[in-house]
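So the chains spell out like this:
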Amino acid sequence: MQDTTKFVLDLNKAKPSEYAVLMYDAFGKIGSDFTGGNINRPGSARECLLAQAHNFSGQYCQVILKQEQTKYFVGICVPDSCSEAEVQTLVVYEAFHYKNKSLVPPYPSMFLLDSMQGIYMIQCLSENVSPDSSAIICLFMCCLLIAVPLAATIYIAVIKWKHEKEAFPSDASRLHCSPNDYGTLLKDEAHKNEEDHSKVRGNPKAECSDVKEENSKKSYLYNVLQAFSLQKCAAGVWTTESASENYSSLNGIRILSLLWIISGHTIQLSAWNNLDNEKRWKETVENNPLYIFAYSGPVYLAVDTFLLVGGLLSVKSLFSFIQKADDKISMWLVVNYLFKRFKRIQPLHLYTVCLVIGLFSVIPKGSFWFIVESGIENCKRYWWSNVLLINNLFTTADMCTPWTWYLSVDFQFYISTPLLVLLYRRNKYAMIAVASIFLLISCLISALLTAFLQLPVHQPTTLAYETYFQYYYNKPYARYGPYVVGIILGIFMKTKNGHILEHRWQAALGWITTFTVMALLVGMAYILQEVPQYPSVAHAVYQGLHRTVWAAAVAWIILACEEGYGGFINTFLSLNIWIPFSNISFACYMIHPVLIILYNGKQETSIHYTDMNFFYLFMGNLALTVILGYALTVLIEKPYLFLKICKR
């Protein structure tokens, strides 16, 4: 109280003290365009921290206030001797006054009729970063996981350099051993000096056995290091050659869907917290279909496209396992099939979780750091849900790295692929019946939830509809439809004899129907945009069907392209330029929200939305995403794909 009183007195002098002016200027003030959404008053955290009095320094705090139904925060600058509880006392008793005016004034009656402010929460941001033990462990693990591939790269480079420089003759003839007895490690390392040769001549068979054992150990170590080295992991990432057995159109579909998601996240993660013209932005995008690739209409249908592709490729992978097992399905085969998928996604997934905990804990906080703070705490408490791939079952407020819900729901669906394939091999009609039941249940649950909880038919532009995320958006029972369509498509394409499309009119009819359906799905979202206050049949039917129908339309595109009726669309989707970006797409998906959240959290002022501003922001996010996506692919993702259990 003494420090606060001194600050107020020094501010009210005829010639105010310099530190007091800095502290006063750092307070958040009421800005223009309240009606457009400029509600928060962040002030200036940096200016506050520059204030230095004789006995104290400036401390930046945020007071989250509620006035009527409007919640906003105000940045204030207080002496660093104040605790958060004491700051609340100062605000409640209006200790901050300058020339008889409060430094934290309410919005006037012309905007909000009730001028009474209620304090929702207070948080103070410290300039000093003090990571806890979990953050330190995560930082160490992140650095270690990157250091291992780099060290392996140097080791492999040195070994190859020595091998090329020192070309010793082979000892195989002198040891009377077969050259194959020396393992796969560089043969230089198997050479002995002259003293060893005399021993070898005494008992060549026994010595050959010792050499084989020694080189087998060296070979295992070499293979492990090689699996982690950049020489192996970086090879082929930027290739533009496509494997003939792959569905070539999937590369384009995958990248276009990823671009859609990155664009949506660029807008979404800013609009929910950072914009100073949120209402203007909503008026712009909510009723204009041109913004569907940014954030309007049924955005994130790209995720349903990913689920369709996931179901298709899961069947392809399982058939490959079955073929290698002499056309037999066993429990061990299914376990191996699931483990391969687990190994495919978890190294980079868990690295991202560790990166969020470690990196975000040591970065100095900014005015909008509360966006990041909750994410750090969620990961510290619920990291195990990501390990078990069940974080999608949590509410969004408790979810660690919320964008990874897709990995969890994809793996949960992945488990169902062996069941449907096994049913198909026994009786294809039984498989069709079971798949139809799964589809019906998923669509019915989505429709009923929409009707009884009055859910919007598209992802809302604010966090107001908590039930949308809590009960619908990332839950497996609501998203299974597209995956089942992918499984059915995959089984059909692996088992069909010949082409199903034999005439051009069939292909033409299919394309016309597909584009019509896609346009209707987008258009109906705008017609049904208003959320009714009562159960609506139209909203329920649309919500229950639109994701599955969208997936069916994309499935037709894939089928038509594979059947030779894709035309210029197939040419575009199969361009070789998509291949290298497809190779790093998983890492790009994992890292891009981290970049967006970090950028938004470090902002000192609100972001103003214009189409040009966010186009440049999207391009910046995309460029950094590609760079870091490539780095994470070769340093984290690919080493664990190459690493296998070596047999002696």
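This is a predicted model, so every value here is computed, not measured.

## Structural notes on the overall build of the protein chain
Here is step 1 of the chain: Counting its regular elements, the protein chain contains 25 helices and five strands.
Here is step 2 of the chain: Relative to its full complement of 648 residues, the protein chain shows a buried share of 49%.
Here is step 3 of the chain: Pairs at least 24 apart in sequence give 77% of the contacts found in the protein chain among residues at least 6 apart.
Here is step 4 of the chain: Split by element, the accessible area of the protein chain, about 31600 Å² in all, is 62% carbon and sulfur.

## A look at the pattern of salt bridges
Here is step 1 of the chain: Considering all chains together, one arrives at twelve salt bridges under this definition.
Here is step 2 of the chain: Between aspartate 132 and lysine 380 there is a salt bridge, with the nearest N and O atoms lying 2.7 Å from each other. Of this pair, aspartate 132 sits in the loop between β5 (118-125) and α5 (133-165) while lysine 380 is found in helix α14 (residues 370-387), placing the two residues 248 residues apart along the sequence.

## Comments concerning the nonpolar core
Here is step 1 of the chain: Membership of the largest hydrophobic core comes to 129 residues, with the highest contact counts inside it found for Trp281, Phe360, Tyr406, Tyr473 and Ile558.
Here is step 2 of the chain: Core analysis: the next-biggest nonpolar cluster, separate from the first, contains 41 residues, Tyr19, Ala20, Cys48 and Ile76 among them.

## Some words on helix α13 (residues 331-362)
Here is step 1 of the chain: With 32 residues, α13 should cover 46 Å at 1.5 Å per step; its first-to-last C-alpha distance of 46 Å lies within 8% of that length.
Here is step 2 of the chain: By the largest-angle criterion, glutamine 346 marks the main kink of α13, which is about 35°, and a proline, proline 347, follows within four residues.

## Regarding the state of the cysteines
Here is step 1 of the chain: Under the criterion given, the structure shown has three disulfides.
Here is step 2 of the chain: With a sulfur-sulfur separation of 2.0 Å, cysteine 61 is cross-linked through a disulfide to cysteine 124. Linking cysteine 61 and cysteine 124, the disulfide has an S-S dihedral of approximately 100° and is accordingly described as right-handed. On the criterion of sequence distance, the pair formed by cysteine 61 in strand β1 (residues 58-67) and cysteine 124 in strand β5 is long-range, its members being 63 residues apart.
Here is step 3 of the chain: Residue cysteine 143 stays outside any disulfide, its sulfur separated by 6.8 Å from that of cysteine 142, the closest cysteine.
Here is step 4 of the chain: Classification of cysteine 143 by relative accessible area gives exposed; the value is 52%.

## Things to note about the packing of helix α17 (residues 428-453) against helix α19 (residues 476-495)
Here is step 1 of the chain: Running from N to C, α17 and α19 cross one another at 155°; their axes reach a closest spacing of 7 Å. Between α17 and α19, the crossing angle belongs to the class labelled roughly antiparallel. Crossing hand, α17 versus α19: left-handed. Across from Met431, Ala435, Phe438, Leu439, Ser442, Ile445, Ser446 and Leu449 in α17, the residues of α19 making contact are Tyr477, Ala478, Arg479, Tyr480, Gly481, Val484, Val485, Ile488 and Ile491.
Here is step 2 of the chain: Here the contact of α17 with α19 is built from residues that sort into 13 nonpolar, three polar and one charged.

## Thoughts on the side chain of glutamine 543
Here is step 1 of the chain: Residue placement: glutamine 543 occurs in helix α21 (residues 537-563).
Here is step 2 of the chain: With a relative accessible area of 1%, glutamine 543 lands in the buried category.
Here is step 3 of the chain: Among the polar contacts listed, one links the side chain of glutamine 543 to the side chain of threonine 450, at a separation of 3.4 Å.
Here is step 4 of the chain: In this structure the side chain of glutamine 543 is engaged in a polar contact, spanning 2.8 Å, whose partner is the backbone oxygen of proline 456.
Here is step 5 of the chain: With residues up to four places along the chain from it excluded, the contact list for glutamine 543 reads Ser446, Thr450, Leu455, Pro456, Val457, Tyr468 and Tyr472.

## Focus on helix α10 (residues 249-271)
Here is step 1 of the chain: Helix length check: α10, at 23 residues, gives a terminal C-alpha distance of 33 Å against a target of 33 Å (1.5 Å per residue), a fit within 8%.
Here is step 2 of the chain: Of all the 23 residues making up α10, 21 are buried; the element is thus mostly covered by neighbouring parts of the structure.

## Re the sheet that holds β5
Here is step 1 of the chain: Within the open sheet, the three strands sit side by side as β2-β1-β5. Their pairing is antiparallel. Both outer strands of the open sheet, β2 (70-79) and β5, are each paired with one neighbouring strand and no more. Strand-to-strand, the axes of this sheet are offset by a mean angle of 25°, without reference to chain direction.
Here is step 2 of the chain: Where β1 lies against β5, seven bridges are found, and the strand directions are antiparallel. By the bridge assignment, tyrosine 60 is partnered in β5 with leucine 125.
Here is step 3 of the chain: Sitting on the sheet, helix α4 (residues 84-92) touches β1, β2 and β5, and the angle it makes with β5 is about 135°.

## Regarding the packing of aromatic side chains
Here is step 1 of the chain: Tallied over the entire structure, the rule returns 39 aromatic pairs.
Here is step 2 of the chain: Residues phenylalanine 360 and tryptophan 369 carry aromatic rings whose centres are separated by 6.1 Å and whose planes lie at 70° to one another, so their mutual orientation is edge-to-face. Both residues of the pair, phenylalanine 360 and tryptophan 369, count as buried.
Here is step 3 of the chain: Centroid distance tyrosine 382 to tryptophan 384: 6.5 Å. Interplanar angle 65°. Geometry classified as edge-to-face.
Here is step 4 of the chain: Here a set of aromatic residues connected by ring pairs shows up, and it is made of Trp272, Phe306, Trp405, Tyr406, Tyr468, Phe469, Tyr472, Tyr473 and Tyr589.
Here is step 5 of the chain: The ring of tyrosine 107 is capped by arginine 41, whose NZ or CZ atom sits 4.6 Å from the centre of that ring.

## Overview of the environment of asparagine 336
Here is step 1 of the chain: Locating asparagine 336 in the fold gives a position in helix α13.
Here is step 2 of the chain: The class for asparagine 336 is partly exposed, based on a relative accessible area of 33%.
Here is step 3 of the chain: A sequence separation of 15 residues divides asparagine 336 from phenylalanine 321, and the C-alpha atoms of the two residues are 8.8 Å apart.

## Topic: the confidence of the model for the protein chain
Here is step 1 of the chain: A residue-level look at the protein chain finds 90% of positions with pLDDT of 70 or above and a mean pLDDT of 86.
Here is step 2 of the chain: Under a pLDDT of 50 for its full length, residues 172-201 has, in the predicted model, 47 contacts with residues more than four places off or in other chains.
Here is step 3 of the chain: Counting interchain partners and residues more than four positions distant, the pLDDT-below-50 stretch residues 204-208 has six contacts.

## Observations regarding the packing of α10 against helix α12 (residues 301-324)
Here is step 1 of the chain: Remark: α10 packs on α12, axes separated minimally by 9 Å, with the N-to-C direction vectors making an angle of 150°. Judged by the sense of rotation from one axis to the other, the crossing of α10 with α12 is left-handed. For the pair formed by α10 and α12, the contact residues are Leu250, Ile253, Arg254, Ser257, Leu258, Trp260 and Ile261 on the first element and Leu301, Ala302, Val303, Thr305, Phe306, Val309, Leu312 and Leu313 on the second.
Here is step 2 of the chain: Tallied by class, residues from the contact of α10 with α12 come to twelve nonpolar, two polar and one charged.

## Thoughts on a nonpolar patch on the surface
Here is step 1 of the chain: Judged by side-chain polarity, Ile137, Phe140, Met141, Leu144 and Val148 come together as a nonpolar surface patch covering roughly 430 Å² of accessible area.
Here is step 2 of the chain: Along the chain, the position of isoleucine 137 falls in helix α5.

Procedures and definitions
Residues numbered from 1 in each chain as written. Predicted model: local features only at pLDDT ≥ 70, side-chain atom pairs only at ≥ 80, totals over all residues. Heavy atoms only, no water. Helix = DSSP H or I, 4+ residues; strand = E, 2+ residues; numbered from the N terminus. Buried < 20%, exposed > 50% of the residue type's maximum accessible area, 1.4 Å probe, protein only. Contact = heavy atoms within 4.5 Å. Areas by Shrake-Rupley, 256 points an atom, 1.4 Å probe, with all protein chains shown as cover. Salt bridge = Lys/Arg side-chain N within 4 Å of Asp/Glu carboxyl O. Core = buried A, V, L, I, M, F, W, Y, C linked by side-chain atoms within 4.5 Å. Expected span 1.5 Å × (residues − 1). Bend = angle between axes of the 7 residues up to and from the residue. Disulfide = S-S within 2.5 Å. Axes fitted to C-alpha atoms, helices over the stretch in contact; angles between N-to-C directions. Parallel < 35°, antiparallel > 145°, perpendicular 65-115°, else oblique. Left-handed = near helix turned anticlockwise from the far one by under 90°. Nonpolar A, V, L, I, M, F, W, Y, C, P; charged D, E, K, R; others polar. Polar contact = N/O pair within 3.5 Å; in protein donor to acceptor, adjacent residues only side chain to side chain. Pairing = 2+ DSSP bridges. Phe/Tyr/Trp six-rings, centres within 6.5 Å; stacked < 30°, edge-to-face > 60°. Lys NZ or Arg CZ within 6 Å of the ring centre and 35° of its normal. pLDDT = per-residue confidence, 0-100. Patch = residues over 30% accessible without salt bridge, like charges linked within 9 Å, V, L, I, M, F, W, Y side chains within 5 Å.

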